[in-house]
Every structure is written in C-alpha cells, then in structure tokens.
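The residues making up each chain are set out below.
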Amino acid sequence: MQNIDNSGTKTHHVSAAFVYFFGALGGLLFGYDTGGVISGAILFIEKQLKLNAWQQGWVVSAVLLGGHLRGLLLLDQCLISTVVVN
C-alpha cells in the first residue's frame, strides 16, 4: 500500500500478515529442503558406515543440531561485523 503523509512524501505500509506469511513460507521451504538433502545423504552414509535405524537417527539429529549451532555462530559473527563496520 502506498500513502502520502502530511509532508507530501510517499510512505509504504506492509501488513503484519504479509510479513508473517512469507516468514512462515520461508521456514516451510527451508525445512523441506533440509529434509531432502538429509534423506539423499543418509543413503550414502548408511552404506558407508553400515548403520542401523537407531544410529541413522542419531546421525541425522547430530547433523541438524550442528547446522543449527553453526548458523547461530555465523549470525553472531555477522551481527558483530555489522556493528564494527557501522
């Protein structure tokens, strides 16, 4: 939406539902992509390491947890570098 305020400049307003919808859609697609990557990789990991179902579950959990922790560390580094630059 586009509105004109008292000074004559155009302002843009985005509804919260619009932001929430695309945030949720991004999370859904990220989860779908992650599941696809892991399900493709676990076939080769299973053959290489000769894992049973319980061990496969632990490998998948460890990979997801490691990726999440790395993402948090990377986010902290990006925020720190942004603060230092500005």
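The model shown is predicted, which means the values in this text are computed figures rather than measured ones.

Asks: Got a minute to help me understand the confidence of the model for the protein chain in this structure?
Replies: As a note on interpretation, predicted positions should not be read in detail where pLDDT is low. Taken residue by residue, the protein chain gives an average pLDDT of 79. The fraction at 70 or more is 74%. For the protein chain, per-element mean pLDDT is lowest for strand β1 (residues 2–4), which scores 57, and highest for helix α1 (residues 16–49), which scores 85.

Asks: Which parts of the structure should I look at to understand a nonpolar patch on the surface?
Replies: A cluster of nonpolar side chains, V14, F18, V19, Y20, F21, F22, L25, L28 and L29, forms an exposed patch at the surface whose accessible area comes to about 950 Å². Structurally, F21 can be placed in helix α1.

Asks: For this particular structure, what's the right way to read the packing of aromatic side chains?
Replies: For any pair of aromatic rings, geometry is given as the distance between the ring centres together with the angle between the planes. Tallying each qualifying case throughout the model produces three aromatic pairs. Ring plane angle 65 degrees and centroid distance 4.9 Å describe the contact between F18 and F22, whose orientation is recorded as edge-to-face. Taken together, the residues F18 and F22, both in helix α1 and four residues apart, mark about one turn of the helix. F22 sits in the partly exposed class, given a relative accessible area of 43%. A ring pair is formed by F21 and F22, whose centres lie 5.0 Å apart and whose planes are at 80 degrees; its orientation type is edge-to-face.

About the criteria used
Residues numbered from 1 in each chain as written. Predicted model: local features only at pLDDT ≥ 70, side-chain atom pairs only at ≥ 80, totals over all residues. Heavy atoms only, no water. pLDDT = per-residue confidence, 0-100. Helix = DSSP H or I, 4+ residues; strand = E, 2+ residues; numbered from the N terminus. Patch = residues over 30% accessible without salt bridge, like charges linked within 9 Å, V, L, I, M, F, W, Y side chains within 5 Å. Areas by Shrake-Rupley, 256 points an atom, 1.4 Å probe, with all protein chains shown as cover. Salt bridge = Lys/Arg side-chain N within 4 Å of Asp/Glu carboxyl O. Phe/Tyr/Trp six-rings, centres within 6.5 Å; stacked < 30°, edge-to-face > 60°. Buried < 20%, exposed > 50% of the residue type's maximum accessible area, 1.4 Å probe, protein only.

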